[in-house]
Structures are given as C-alpha cells and as structure tokens.
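# A look at the structure
The lines below spell out each chain.
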Amino acid sequence: MARSIVALALLGSASAYVAPVPKSAATSLAAGKADLAALCAENPSPLGNFEGIWDPLGCADMDFWGLGNEATIGYLRHAEIKHGRVAMAGFLGYLAGSTPLVSGEHLIQPYKGYVAGCTPQEQWANIPLIGKLQILVLVGMLESYGEGAGSPAGYVHYTQGGKPGFFPSIKGKGGFAGGSCLFDLYDPFGILPEQTEAEKKKGLFAEINNGRLAMIGLFSVLAESAVPGSNPQYAIFDIKIPESSVDIMGSVFPQLTNEFAVKAWPVLAICGFLQQYNKRKTV
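Residues numbered from 1 in each chain as written. Predicted model: local features only at pLDDT ≥ 70, side-chain atom pairs only at ≥ 80, totals over all residues. Heavy atoms only, no water.

Let us look at the packing of aromatic side chains. The final tally for this structure, using the stated rule, is 6 aromatic pairs. Judged by centre distance (5.5 Å) and plane angle (70 degrees), the rings of Phe-64 and Trp-65 are edge-to-face. Exposure remark for Trp-65: the relative accessible area of 48% places this residue in the partly exposed category. Ring geometry for Tyr-111 against Tyr-114: centres 5.6 Å apart, planes inclined by 80 degrees, an arrangement best described as edge-to-face. The burial state of Tyr-111 is the same as that of Tyr-114; both residues are buried. Ring-pair connections join several aromatic residues into one group, and the members of that group are Phe-64, Trp-65 and Tyr-75. When the ring centre of Trp-124 is taken as origin, the NZ or CZ atom of Lys-132, which lies over that ring, is 5.5 Å away. (Phe/Tyr/Trp six-rings, centres within 6.5 Å; stacked < 30°, edge-to-face > 60°. Buried < 20%, exposed > 50% of the residue type's maximum accessible area, 1.4 Å probe, protein only. Lys NZ or Arg CZ within 6 Å of the ring centre and 35° of its normal.)

The predicted coordinates should not be examined in detail at positions where pLDDT is low. Confidence in the prediction for the protein averages 78 pLDDT; 75% of positions are at 70 or higher. Confidence drops under a pLDDT of 50 for residues 1-30, and excluding neighbours within four residues, the segment shows 109 contacts in the predicted structure. (pLDDT = per-residue confidence, 0-100. Contact = heavy atoms within 4.5 Å.)

The next subject is a nonpolar patch on the surface. Together, Leu-182, Phe-183, Phe-189, Ile-191 and Leu-192 make up an exposed nonpolar region whose accessible area comes to about 580 Å². Turning to its location among the elements, Phe-183 is positioned in the loop between helix 6 (129-146) and helix 7 (197-226). The exposure class assigned to Phe-183 is partly exposed, which follows from its relative accessible area of 42%. (Patch = residues over 30% accessible without salt bridge, like charges linked within 9 Å, V, L, I, M, F, W, Y side chains within 5 Å. Areas by Shrake-Rupley, 256 points an atom, 1.4 Å probe, with all protein chains shown as cover. Salt bridge = Lys/Arg side-chain N within 4 Å of Asp/Glu carboxyl O. Helix = DSSP H or I, 4+ residues; strand = E, 2+ residues; numbered from the N terminus.)

According to the stated counting rule, one finds 7 salt bridges in the structure shown. As a salt-bridge pair, Lys-33 and Asp-61 come within 2.9 Å of each other at their nearest N and O atoms. Highlighted residues: Lys-33 in helix 2 (residues 33-42) and Asp-61 in the loop between helix 2 and helix 3 (69-97), separated in sequence by 28 residues. A residue is classified by how much of its surface remains accessible, and Lys-33, at 37% relative accessible area, is partly exposed. Beyond isolated ion pairs, a larger network of salt bridges with shared partners links Glu-194, Glu-197 and Lys-200.

Given below as structure tokens:
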C-alpha cells in the first residue's frame, strides 16, 4: 500500500507545519518523476510485486493548467497530504461525535438549536447557517495561509519546488494588531523537541500512510451510515455505525436541494476565486 499510491505523494514533514523552507533547499524537493521513482526504491511494498511507480491513471506524466509536469506532481503530492490530514481529523471527529460525551446532553448547549442523541451528520445539519458560515470562513483562512497568503518569509509554493505538505506559521496572523491566530497548527505550545532529518523523513512516511488509511476509513463509515451493510467488516466485528440519511454533500454542491447550499454557494464561489487568484499570483 505504501508504494502503490506513491505516484501522488512524497510527504512534507509533520514539523513542516511551522518551520519555513529555505529557497536554496526547496528546488530539489519536487524535481519530478525521478523523485517518485527514487521514493519507490527507498520504500518497497511489503507485497513485493510492484516495479517502479504504480500510476494507472498516468498522473505523473500530466500537465495541469499549463504549469508543467514537475509543478503538477508537486500539486498532486500536496493535495494528497492535505486530504489525508483532513481525513484523519474527520475520522477521529466522526468517532468522537458518535459518543455520548459529544452527542449526549450538555449543561450548556454547544450551539443554538442543539439536539442530543444525533449522528455526526445530523449534528452538522442542526448547526445554524451562521455557524456553518463561520466554520467555512475559518477553513478558507487556513487554506489561504497554506497557499502562502501574505508571502511569509521563506515560503516557496509547492508547484515551484517547495515542500509538499508545508504549512507556514499562522501565529499572530489575521485580525487586527497582534493577530487573531494565537497558536500554530503544529506544536501550538512550542513544547515538541526538534527533529533530525532522519526522524522527519520517517514521520513523513508514517503520515502519508495514516492519511491514506484515514481517507478509506472515513469513506467506509459514511457509506455504512448511509447504506447499512455496505461494509461487511463492521458486521464481522460487531461494530454498529449510526445510520443517517442526511445529505452531507448538500453543503458542497449547490445543485442539490439543500437550504444551506443555496445560501452558501456565493460565499464558497468568492472564496474559491480569491484562492485561485492568489495562487496564480504566487506561481
């Protein structure tokens, strides 16, 4: 598994959430298809039956938006790392949201209109529109910072030789004087020890594999929740996934008849345009 999807991922360090990448060292991190082949050789599959890059869709030879092949590989690597991180958070969030500690009764309601005993999907559906918009604005801010908004010192975009998965420091960013972001995403309290390059490399490989597994896991619990029995492994281990018929994608695709999607799509469209505009300026 580690080698089978490597055509789309060479991880940036887990500690790369904070430390900027010097431009002099960044250009060798996304050299293109040769790096993917080198990673395959360094991390052989336990199955032992793959040679070279496992890339059935030919993504390692594509050219997205005329950026060039090396930039495309950098984009794909970064995208998988980011989605893997989101999936890890989402999978753990789903498990936490299914426990009585989160979905049960609260002395103080987490939000207006809170209803106890709901599935994670229903919990999202019950959040008022203004609450959903606040969440999306926060996600948009983090996405913009990840794309180099504000041109942080030492930042190199992942399509220009920068380290895929790198997220610059956001402490002190946003808002008025002093910034509204009080902590960085990685090591918010600055208590973790500095890692050696070997430790970082090992951590990178672990993160990409955990992210891949989390993406599969998140899809499986959502599928089992919507269509009970679609994932027989849960029945084998006598695991009950809460059933839900909530249209969880309605907040993403405006064409679906969802009240939130109808109201929120202009905001999403503007955020998407500004993000792409900023990306074009940095590339």
